[in-house]
Each structure stands twice: as C-alpha cells, then as structure tokens.
Amino acid sequence: MEDSKNDNLAYKLHYLNRLLMLQLNDQIKPEGVSQGQLPVLCCLHDLEGQTQAELCTRIQVEQPTMANTLRRMERDGLIRRIPCEQDKRQSRVYLTDRIRPTVEALQQKRDEVIGKMTGRMSVNDISDFHRLLDSALLALETNNEI
C-alpha cells in the first residue's frame, strides 16, 4: 500500500493539477479571465457560434457548470449570446470585440506554463506523457461517461 504522498499517483496528479492551475491563473488573471473561462475562450476562438451544449461536449464539463461560466462571462463582457434562428430556445455564443484580440495572448501564456511544466522533459518524454495521459483518460471515460 502506498503510504507516502510521494509514492501516491493520485496525490501527484492532484498536486500537479493544483500547481498548473495556480500558475496559469497567475498568468491570465491580469487580463480579467479565470482559469475556468480560458477553455471556453480558446474553444470559441477556434470556432465561434457554438451552443452551450456543444461547448459542454468540447470542454467536457456539465451543463450547470457551463451555464454558470457563460453567465459570468456574459456579465463581464467576454462573450455575447445570440438566439439561434432555427431554434429560439438555444443561443449561439460569440467572443466580444473586447476580448477577441486578447485570446491569442492568453493561449500563449497557457503554453508558457505548459512549457515550464514540460521543460525538463525530452520531446520523447512529452510524447510518452501525452500517450499515457490519453490511455488513462480513455480507461476512466470508458467506465464513467462524462
């Protein structure tokens, strides 16, 4: 049995995520964006006009979480919602003109934090890290669809 936090994979993954999110938040907070909003901004930067449901699927969060995130982002002037022409119950989400130029800078800051995390890894290590994470994610997603 693993009794030391240094030997416990769950602890290490949790701590890695915590450090990653703290450092990412430090980088993006001056732009008025939180770590929970960054994936939405990046996703919309790639493809604007997605619905809330599409964003949930792409970012892999629950509907209530996305609804709260979008509500705060709209309040803060980061996004705007426009009702769908085909189905007025849905709306499409767009970046505002105010945040659009900032998203690439936010992505660069995100990539710098990831670069710091992987800075001591070789290219092969990084490739292996991705492969191992993908395998672990697939194993858990298969047993517990999100």
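Just so it is clear, the structure is predicted and the values come from calculations on it, not from any experiment.

Caption draft 1: Quick peek at the packing of aromatic side chains. Counted under the stated rule, the structure contains one aromatic pair. Ring centres of Y11 and Y15 lie 5.8 Å apart, and the angle between their planes is 10°; this geometry places the pair in the stacked category. Highlighted residues: Y11 and Y15, both in helix 1 (residues 9–28), separated by four residues, approximately one helical turn. In this structure Y11 comes out as partly exposed when scored by relative accessible area, which is 30%. With relative accessibility at 37%, the residue Y15 sits in the partly exposed group.

Caption draft 2: A look at the sheet that holds strand 1 (residues 50–51). If you trace the three strands from one edge of the open sheet to the other, you get 1-3-2, paired in antiparallel fashion. Looking at strand neighbours, the two that pair on one side only are strand 1 and strand 2 (79–83), the edges of this open sheet. Note that strand 2 and strand 3 (residues 91–95) share five bridges and pair antiparallel. Across the sheet, residue I79 finds its bridge partner in strand 3, namely L95. Taken strand by strand, helix 2 (residues 38–46) contacts strand 1, strand 2 and strand 3, and its axis lies near 95° from that of strand 3. The sheet contacts of helix 4 (residues 63–75) involve strand 2 and strand 3, and relative to strand 2 the element is tilted by about 110°.

Caption draft 3: Here's a closer look at helix 1. Here helix 1 spans 28 Å end to end across 20 residues, near enough to the 28 Å set by a 1.5 Å rise per residue. Among all positions in helix 1, only L20, L24 and I28 are buried. Each buried residue of helix 1 lies within a common arc of 55° when the element is viewed along its axis, so the set occupies one face. Exposed residues on helix 1 whose side chains face more than 90 degrees from its buried face are H14 and D26. Where helix 1 starts, the residue carrying a side-chain oxygen 2.9 Å from the main-chain nitrogen of A10 turns out to be N8.

Caption draft 4: Geometry of the environment of S34. Here S34 is to be found in the loop between helix 1 and helix 2. Along the primary structure S34 and M73 are separated by 39 residues, whereas in three dimensions their C-alpha atoms are 9.7 Å apart. Non-local contacts of S34, meaning those with residues more than four positions away in its chain, are made with N25 and I28.

Caption draft 5: Molecular detail of the nonpolar core. V40, L41, L55 and L70 are the most contacted members of the largest nonpolar core, which has 22 residues in total. If you tally residues by element for this core, the top one is helix 2, at six residues. Among residues more than four places away in sequence, those in contact with L70 are V40, Q52, L55, I79, R81 and V93.

Parameters and conventions
- Residues numbered from 1 in each chain as written.
- Predicted model: local features only at pLDDT ≥ 70, side-chain atom pairs only at ≥ 80, totals over all residues.
- Heavy atoms only, no water.
- Phe/Tyr/Trp six-rings, centres within 6.5 Å; stacked < 30°, edge-to-face > 60°.
- Helix = DSSP H or I, 4+ residues; strand = E, 2+ residues; numbered from the N terminus.
- Buried < 20%, exposed > 50% of the residue type's maximum accessible area, 1.4 Å probe, protein only.
- Pairing = 2+ DSSP bridges.
- Contact = heavy atoms within 4.5 Å.
- Axes fitted to C-alpha atoms, helices over the stretch in contact; angles between N-to-C directions.
- Expected span 1.5 Å × (residues − 1).
- Arc of directions from axis to C-beta.
- Polar contact = N/O pair within 3.5 Å; in protein donor to acceptor, adjacent residues only side chain to side chain.
- Core = buried A, V, L, I, M, F, W, Y, C linked by side-chain atoms within 4.5 Å.

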